[in-house]
Amino acid sequence: MWTFGCFPKVPSYLLRRAVLGSRALPPRRRSSLLVRPSPSCSHPVRAAPLGLPQPCSVGFRLHCRTLRKNAKFTVDVPETPVTTADIKQYLRSKEIPFRDGYSCLQAPTFFREDRSPGLVVGPERDSFALFIDKTTGRFLCVETLVEGSWEDLQDCLEVMQKEGCNFIRPDVLLGYPESQEQREERESQLLEAQRIYSSSLALSELPEEDAQLAKTMFGISRISNATLNRFGVRFFKPTKSLVFPWFRTRDVSLQGIKLLSARTDEDSVIYTDVTIPRPAAYQNLFGLPLIGHKDAEVVLTGREVDTLAVSQVTGLPSLALPRGVASLPPALLPYLEQFRRVTLWLGGDLRAWEASKIFSRKLGLRRCSLVRPGEHQPCPNEALARGKNLARILKAAIPAAHKSIVSFRQLREDVYGELANTEQVAGVKWTRFPELNKLLKGHRKGELTVFTGPTGSGKTTFISEFALDLCMQGVNTLWGSFEINNVRLAKIMLKQFSMQRLEESLQEYDIWADKFEDLPLYFMTFHGQQNIKTVLETMHHAVYLYDISHVVIDNLQFMMGQENISIDKFAIQDHIIGAFRTFATNNSCHVTLIIHPRKEEDDKDLQTASIFGSAKASQEADNVLILQEKKLVTSPGRRSLQG
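No experiment lies behind these values; they were computed from the predicted model shown. (Residues numbered from 1 in each chain as written. Predicted model: local features only at pLDDT ≥ 70, side-chain atom pairs only at ≥ 80, totals over all residues. Heavy atoms only, no water.)

## Notes on the nonpolar core
In step 1: Judged by nonpolar contacts, the single largest core of 70 residues is most densely connected at Leu319, Leu363, Met539, Ile548, Val551, Ile553 and Phe580.
In step 2: The leading source of residues in this core is helix H18 (residues 532-546), at 9 residues.
In step 3: If you look at the next biggest cluster of nonpolar residues, it comprises 31 residues, including Phe466, Ala467, Leu470 and Val475. (Core = buried A, V, L, I, M, F, W, Y, C linked by side-chain atoms within 4.5 Å. Buried < 20%, exposed > 50% of the residue type's maximum accessible area, 1.4 Å probe, protein only. Helix = DSSP H or I, 4+ residues; strand = E, 2+ residues; numbered from the N terminus.)

In structure tokens:
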């Protein structure tokens, strides 16, 4: 289960006002300029050598509020979403050359001391080190690791133009204050990673019997010691874990590790992994230091052991995604731009197949090929163990791009896959609500669930635990709570997560908050009446950034007040429900929509017809859940769920 940490926010207009004075433009939005650990490269900033032109330097230090360690990440979007055409037009207006890539635009970086935005020295690839995401406009300089929003990039260019500078020194944007707690935690994590890795042994250094036992435990008997050594994989004896390192590509220094452990459960082996640093900061594309600048093809896998198998057998460049099939963070896309062909072989089940199709949209459909899971095409490591021809499987990968019209021949394998994997097709099972599994079979992507119940019956309380159950199993979840604020909602969910009254056990708060923070859970910042267009833009933004697969909207009535009051309210509701239905289908994302019921007599059960509005809500929905409440005189009453 994965989530992202919170980064300090800095108003970009401060940068403009510091240089432009009172003529500074009004702030467009609150944004952030930040530096993060990177899988590609990282090196200390050095002062400009004597005799070279001095870069633009802003005469103040940026300050920001230190966020609480346990703060949950909220999802927000720019007031005016940027388009690829807008980005290109702006770069041309500033006479900045750029290359049109698959998911990013590449431009010469001005966060260096030997380049100017309008000057390209030599044909080398590194001169174009600034990557701009074509979907969000966020930028990343892979040499200095400066990162920010599209508005931040425009601010920097405005400052340079005003001051007559050709570049900005990176340390201007690296000067963020760091709390002592954050610094100590970062340093302790790095020291812990270095301690574990230095005390681990290469499998070739273990006694032959112990090495063979370790390989058998993790199912890598066919992986040679030479391959393990080339990737730097080691064995940590105290916890009997495989250690996968996260190296920087330039100085090959250790930046983090992933520990993979195995335990037996009856007749099966269960694998668990722990990352240092925590998942929020773990951005390791395993195998990246071995990629050459001229490599034009890569195989992406969902596990490190699969990358080892592909590399050993085929000799092709291969990378393992840090979050497996759960997410492909857009921050990793710049490091994949050099490849003209990307083959996604993420696993051997339907979840891996669905993730492959979603990730290929981010990477660019025209360069992606997908390995379809099946009996004869399992995950790479299993295929190696079973003596399969991995090169042949890769050659049979199908193009991700498809035409608008297909024949049954093209659908044949998909149909067979659903028939052969009925449990996986049913979706993710609930662990806290086993009766729901009998009712709905599971939670499936691409569906719309309508949930209703009497006022005060506990709709939000139930649906929060309903979504939390799935989130704890790795379902990336986005909450849109328009009725109660995020602090109150997070408090409810944290108490449900810990299954105790934390107000009576405050000494345990940080323990549970740290665990809760690692869930793939995000919140919209909206509260009260909202426009459906703005909400949908935020949902699209979250799906792209965090691979959201479950959106909860509480509730529909808070989006009806922002629409044209001259239009019939039932027509407005039908339009909103239709928009959510389309979003769920097109984005392979489950939408749970809470709708208040009509006023009914207290002694009558709610029916499908009790849902407020026209019949479109129940017609468009794949699932309709009704929370029934029986009010009693001598007790609080009874609640039941009807589907």
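Additional details are given in the paragraphs that follow.
## Things to note about the sheet that holds strand E18 (residues 398-399)
In step 1: Read across the open sheet, the 5 strands follow the order E15-E14-E16-E17-E18; overall the sheet is mixed. Looking at which strands have only one partner, the edges of the open sheet turn out to be strand E15 (318-320) and E18.
In step 2: In this sheet, E15 lies alongside strand E14 (residues 297-301) in parallel orientation, the contact comprising 3 bridges. Each bridged residue has a counterpart across the sheet, and for leucine 300 the counterpart in E15 is leucine 319.
In step 3: Contacts between helix H8 (residues 304-314) and the sheet are confined to E14, E15 and strand E16 (341-345), with E15 contributing the most and set at about 175° to the helix.
In step 4: Here helix H9 (residues 350-363) sits on the sheet and contacts E14, E16, strand E17 (368-370) and E18; the angle it forms with E17, its principal contact strand, is near 175°. (Pairing = 2+ DSSP bridges. Contact = heavy atoms within 4.5 Å. Axes fitted to C-alpha atoms, helices over the stretch in contact; angles between N-to-C directions.)

## So, the confidence of the model for the protein chain
In step 1: Across the protein chain, the average pLDDT comes to 80, with 78% of residues at or above 70.
In step 2: Below pLDDT 50 for its whole length, residues 115-125 participates in 28 contacts with residues either more than four positions away or in separate chains. (pLDDT = per-residue confidence, 0-100.)

## Topic: the packing of H18 against helix H19 (residues 569-586)
Each pair of packed helices can be described by the angle between their axes along with the distance between the axes.
In step 1: It is at 11 Å that the axes of H18 and H19 come closest, and there the two elements cross at 10°. Considering the angle they form, H18 stands roughly parallel to H19. Residues Ile532, Leu536, Met539, His540 and Val543 of H18 form the contact with H19, whose own contacting residues are His575, Ile576, Ala579, Phe580 and Phe583.
In step 2: In the contact of H18 with H19, the residues fall into 8 nonpolar, 2 polar and no charged. (Parallel < 35°, antiparallel > 145°, perpendicular 65-115°, else oblique. Nonpolar A, V, L, I, M, F, W, Y, C, P; charged D, E, K, R; others polar.)

## Focus on the side chain of serine 549
In step 1: Looking at the secondary structure, you find serine 549 in the loop between H18 and strand E22 (550-554).
In step 2: Overall, the relative accessible area of 9% leaves serine 549 in the buried class.
In step 3: Setting aside its immediate chain neighbours within four residues, serine 549 contacts His443, Lys445, Val475, Asn476, Cys589 and His590.

## Considering the pairing of E14
In step 1: Taking burial as the measure, the 5 residues of E14 include 4 buried ones, the bulk of the element.
In step 2: Taken together, the 5 bridges between E14 and E16 define a ladder with parallel strand orientation. Looking across to E16, one finds that glutamate 297 is bridged to arginine 341.
In step 3: Taking the sense of rotation as the criterion, the β-α-β connection linking E14, H8 and E15 turns out right-handed. (Right-handed = clockwise from strand over helix to strand, strands pointing away.)

## A look at the pattern of salt bridges
In step 1: Using the criterion set out here, one finds 22 salt bridges in the structure.
In step 2: A salt bridge links lysine 429 to glutamate 423; the shortest N-O distance between them is 3.5 Å.
In step 3: You can call glutamate 423 exposed: its relative accessible area is 56%.
In step 4: Among the salt bridges present, the one from glutamate 503 reaches arginine 501, with a minimum N-O distance of 3.1 Å.
In step 5: Looking at arginine 501, the relative accessible area reads 48%, which means it is partly exposed.
In step 6: Three or more residues joined by partner-sharing salt bridges are found here, namely Lys495, Arg501, Glu503 and Glu504. (Salt bridge = Lys/Arg side-chain N within 4 Å of Asp/Glu carboxyl O.)

## What to know about the packing of aromatic side chains
In step 1: Tallying each qualifying case throughout the model produces 16 aromatic pairs.
In step 2: Aromatic pair phenylalanine 497 and tryptophan 512: ring centres 5.8 Å apart, planes at 90°, arrangement edge-to-face. One end of the pair, phenylalanine 497, is in helix H16 (residues 486-498); the other, tryptophan 512, is in helix H17 (residues 509-517), with 15 residues separating them in the sequence. Exposure class is identical for phenylalanine 497 and tryptophan 512. Each is buried.
In step 3: Every member of this aromatic cluster is reached through a ring pair, and the members are Trp430, Phe433, Phe451, Phe462 and Phe466.
In step 4: When the ring centre of phenylalanine 128 is taken as origin, the NZ or CZ atom of arginine 99, which lies over that ring, is 4.0 Å away.
In step 5: When the ring centre of tyrosine 197 is taken as reference, the NZ or CZ atom of arginine 234 above it lies at 4.0 Å. (Phe/Tyr/Trp six-rings, centres within 6.5 Å; stacked < 30°, edge-to-face > 60°. Lys NZ or Arg CZ within 6 Å of the ring centre and 35° of its normal.)

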